[in-house]
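If you want the building blocks of each chain, they are given just below.
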Amino acid sequence: MEQDYIPYEVERKWQKIWDDTKVFQPEPDERKKFFITIPYPYLNGNLHAGHTRTFTIGDVIARYKRMQGYNVLFPMGFHVTGTPIVGLAELIANRDPQTMKVYSELHGIPADILETLTTPESIVEYFSKEAERAMRSIGYSIDWRRKFTTTDPAYKKFIEWQFDLLHEKGLIVKGSHPVKWCPNDNNPVEDHDILHGEEATIVDYTFIKFQYDNTVLPCATLRPETIFGVTNLWINPDIEHVKIKVEKDGKTEFWIVSREAYRKLTFTDRKVEIIDDVPSTSLIGIKVRNPLTGNDIITLPASFVRGDNGSGIVMSVPAHAPYDYLALKDLYDKDLSQYGIREDLRNIKLISLIATKEFGDYPAVEAVQQLGVKDQNDPKAEEATKIVYRREFHGGVLKENTGKYAGIAISKIKDMLTQDLIDQGIGEVFYEFSEPVVCRCGTPCVVNMVEGQWFLNYSNPEWKEKVYRCIEKMEIIPEEYRVEFNNKVDWLKDKACARKKGLGTHLPFDDQWLIESLGDSTIYMTYYITNKFFAHGIGPEHLTHQLFDYVLLGKGSVQQAAAATGLDEKLIAQMKRDMDYWYPVDLRSSGKDLVPNHLLFFLFHHVAIFEEEKWPRALAVNGFVSLEGQKMSKSKGPLLTLRTAVEEYGADISRMYILSSAEQTQDADWRNSGVEAAKKQVERFYSFAREIIESGAVCGMCGELKLIDKWMLSRLQHRIRETNNDMGSLRTRSALQNAFFLLLNDIKWYQKRGGGNLLYDMLDTWVRLMAPFMPHVCEEIWRALGHEGSDIVSLAGYPIFDPELLNNSAELAEELVDNTLEDIEEIIKVTKMTPQKIVLYTSTAWKVNAFQTALKMQSEGTLNPGILIKTLMAEPVNRAYGKEIPKFVQKIVPDIISMRVERLEMFDDYELDELAILKENQQFLEKEFNCTVEVYSADEPGYDPENKSRFAIPMRPAIYLE
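Only a predicted model underlies this, so the values are computations on that prediction, with no experimental measurement involved. (Residues numbered from 1 in each chain as written. Predicted model: local features only at pLDDT ≥ 70, side-chain atom pairs only at ≥ 80, totals over all residues. Heavy atoms only, no water.)

**Brief notes about the overall build of the protein**
Phase 1: Check the secondary structure of the protein and you find 33 helices and 32 strands.
Phase 2: Overall, the protein is about 105 × 80 × 55 Å in size when its C-alpha atoms are taken along their principal axes.
Phase 3: Residues classed as buried in the protein amount to 56% of the 962 residues present.
Phase 4: In the protein, 76% of the contacts between residues at least 6 apart in sequence involve partners at least 24 apart. (Helix = DSSP H or I, 4+ residues; strand = E, 2+ residues; numbered from the N terminus. Buried < 20%, exposed > 50% of the residue type's maximum accessible area, 1.4 Å probe, protein only. Contact = heavy atoms within 4.5 Å.)

Structure, rendered in structure tokens:
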């Protein structure tokens, strides 16, 4: 081994060896297989720290399973369909200043190359090479023979087959549905196309039509039941309003809405045109009619009403909406004469319509008072709103003043009441985003009711039922996400699956449309299996539906597939054997942002196309990564690319840091100070290994083992067990805590205590334990340990827990020494004494007996202070300590009862000779404190000038310093 750890040299060396030996290019064999996939990256930029985390977790699991003896397939492809790459090419071609700056400075693209990336094809070619280079540089154990991009001609044939199949099953339908829409691109947008608002959903509001002078003032609400409690409408005098003609289903009405609302309505299934501008002030102070109750209510001014929210006119329910109550209250003493309002607004009576256990008649008032909310600008107003809405939704029922709806739960009323309002002609459905959405081209998106659009019929109840069954059968990591997946299935509605612009595959049954980017990325895991064959001279013309039917689904015969394709029967049979061996996917690991879209569609399409034995077996979800506390963005920054991280710190250091910075679903924050700390840890690991190897250390397991050796072996088994448990649940942070940091502490103690016989054996195990996390440096150490030729650590056996090597007595003996050391240090620290002599007193026999009895009773589930005292006093030898036993019992029982099962098991058959152990370690303690150490039993204390021996208890000797 070299004197210093130089990451670049070690990493390039071992990456070349892995490539040359094709160690990560698996073929079917007699071993149990493990097929792991992670979502292929979208190539509108270089891979960043978020990818680094998700992909590294996947690689660690792949390496771990490989070392466990599984035949592991870990492939990778590249996603390029959709509009973002087309938009990026246009921005670069137009030399957009922001784009040129971001991609040169943050993505690190040289100016002369960036200027050439003016077509989607050139961008795909550039970033696919960069992405593969970056993933190779960090040491991912990927089978690169199987790579592809989603615009490859062969892949398009695969997608055509899939969509024809879904269409035949009636799962792709044509109709009018609300979709996220970019008016500039004149296209539906999906999450990959969005600059802001990726989390936004399409929410169905209810438009309630308040009447004024043969004109409708529509108000959008998520809670149509509150129409019974409306006391006024809110209108912002500072926004523009227009009168519009609205035609729908043969009916014509005239509405007054904000100018922004008019724009949104042009994208709905209504025909609308502007008739006139309406001065906003003319709308305030008028009386409008509640269409359901017939009550006349006043319109009042409110600056909080936004023109881009709903219709730009808001209904007020102050009994149940804290903001409405606060806004009304804020007007009580205002002069509103400019609007012709002279009445006392205190006379507006609040209308209670919902009964809940937690509140009286006016929940909004009570919540405002309980939280001390001052006015509508107080941040606590939002908290009050959430409390009221949550309690009313989950436990509220409608009161008698709601007529036929009385007694109905709030959680069940919306759809029923909305339909009634529609039937009566006083309500309509209006779709709105849950938050603003902006396309990557910079245009604010709208909800568009598209006619003649193709949709995946995700609302189909039979299809959903299959997905529920799949989720129930599969493993979800972490388990709490199972509820999240089921909830997302509940809410999922039909999804637009085609667009007119961008890269992708044309719908085979309607070539005017391109399949959108999430629709073509659902079962591509099967394509990894077949693409290994396609890469060798098989053209798109060979890839018929009969081939995919036979290879992927087992339909038809090999002879029929050969006749339809012109391919050799043996080749087709081999494809099917590979498919049958590798499928299904054993683990799909991904970032949590893909739960509501890609991962959900992944499940839907699998259950629609494959039989149950081919359904995915496990899903794992991990959190996001920020950069120095800031959210990363490929298009705006800040950004840390994978390549930059590896160039600056090295592959293993980057892996070590990103894996140890946060647990699975927690969000990680990449901080340079943390990476520097990880660098020191990796360098320490390398230096420790080099020192052991250069010392000439050899296997020590064959020789005589001292107590400290047995302790080290025992601690090692704990670390192995915990690491394996953590890896099974993808808790990489906890796994590293056990496999590296805690084990490092154990080894330091072992060496401090004079241990050395097992250092070679320890290192041999430690390197294998750490190999999935830091593969390059572990390969280097493994080779230096004497493992030559094809024996690489990536294929070595992962350490397995051996219960035979657990040694409770050895661990308790070291714990006794450690406790004693710490207690002495604490006394010295408090007293500021430099001791000339230290005297230790181990526990008396009766206390040891009491401790042993209490442990036995706890193991049997019968430990009780009173019973323990009686049991001890029944022994004649203990009666002399009748006054001391109750005090001692009260001291030890709480500690023993609070012991975890693992801790209690350590004390099984506790027979520790503490006197002998401390005497054996006298020299160690004398060396530590540079003074004389004497050890006595409290039964025969010998030298005890201050009667300290009376304080001795099991595992905690009494201490006297002088």
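So much for the structure itself; the text now carries on.
**Some words on the packing of aromatic side chains**
Geometrically, a pair of aromatic rings is defined through the distance of the ring centres and the angle of the planes.
Phase 1: Under the counting rule described, the total for this entry stands at 49 aromatic pairs.
Phase 2: On the basis of an interplanar angle of 75 degrees and a centroid distance of 6.4 Å, the ring pair of Phe-55 and Tyr-140 is categorised as edge-to-face. Placement of the pair is Phe-55 in helix 2 (residues 49-67) and Tyr-140 in the loop between helix 6 (120-137) and helix 7 (153-168), with a sequence separation of 85 residues. The same class applies to Phe-55 and to Tyr-140, which are both buried.
Phase 3: One aromatic cluster is present, formed by Tyr-40, Phe-148, Tyr-155, Phe-158, Trp-161, Tyr-524, Tyr-527, Tyr-528, Phe-534 and Phe-548 through successive ring pairs.
Phase 4: Here Arg-753 stacks its cationic end above the ring of Phe-924, 4.5 Å away from the centre of that ring. (Phe/Tyr/Trp six-rings, centres within 6.5 Å; stacked < 30°, edge-to-face > 60°. Lys NZ or Arg CZ within 6 Å of the ring centre and 35° of its normal.)

**What about the nonpolar core?**
Phase 1: In terms of nonpolar packing, the biggest core is built from 233 residues, with Phe-485, Trp-670 and Met-770 touching the most fellow members.
Phase 2: Residue contacts for Phe-485: discarding those within four places in its chain leaves Ile-471, Ile-476, Val-595, Leu-599, Leu-600, Leu-603, Leu-619 and Val-621.
Phase 3: Among the nonpolar cores identified, the runner-up in size contains 42 residues, and Leu-300, Ala-302, Val-317 and Leu-345 belong to it. (Core = buried A, V, L, I, M, F, W, Y, C linked by side-chain atoms within 4.5 Å.)

**Topic: unusual backbone geometry**
Phase 1: Note the cis peptide between Ile-477 and Pro-478, where omega equals -5 degrees.
Phase 2: Of note in this structure, Arg-95 is not a glycine but carries a positive phi near 55 degrees.
Phase 3: Examined against the element boundaries, Arg-95 turns out to sit in the loop between helix 3 (84-93) and helix 4 (97-105).
Phase 4: Positive phi outside glycine occurs at Asn-186, with the angle close to 55 degrees.
Phase 5: Take Asn-186: it is sitting in the loop between strand 3 (172-182) and strand 4 (187-188).

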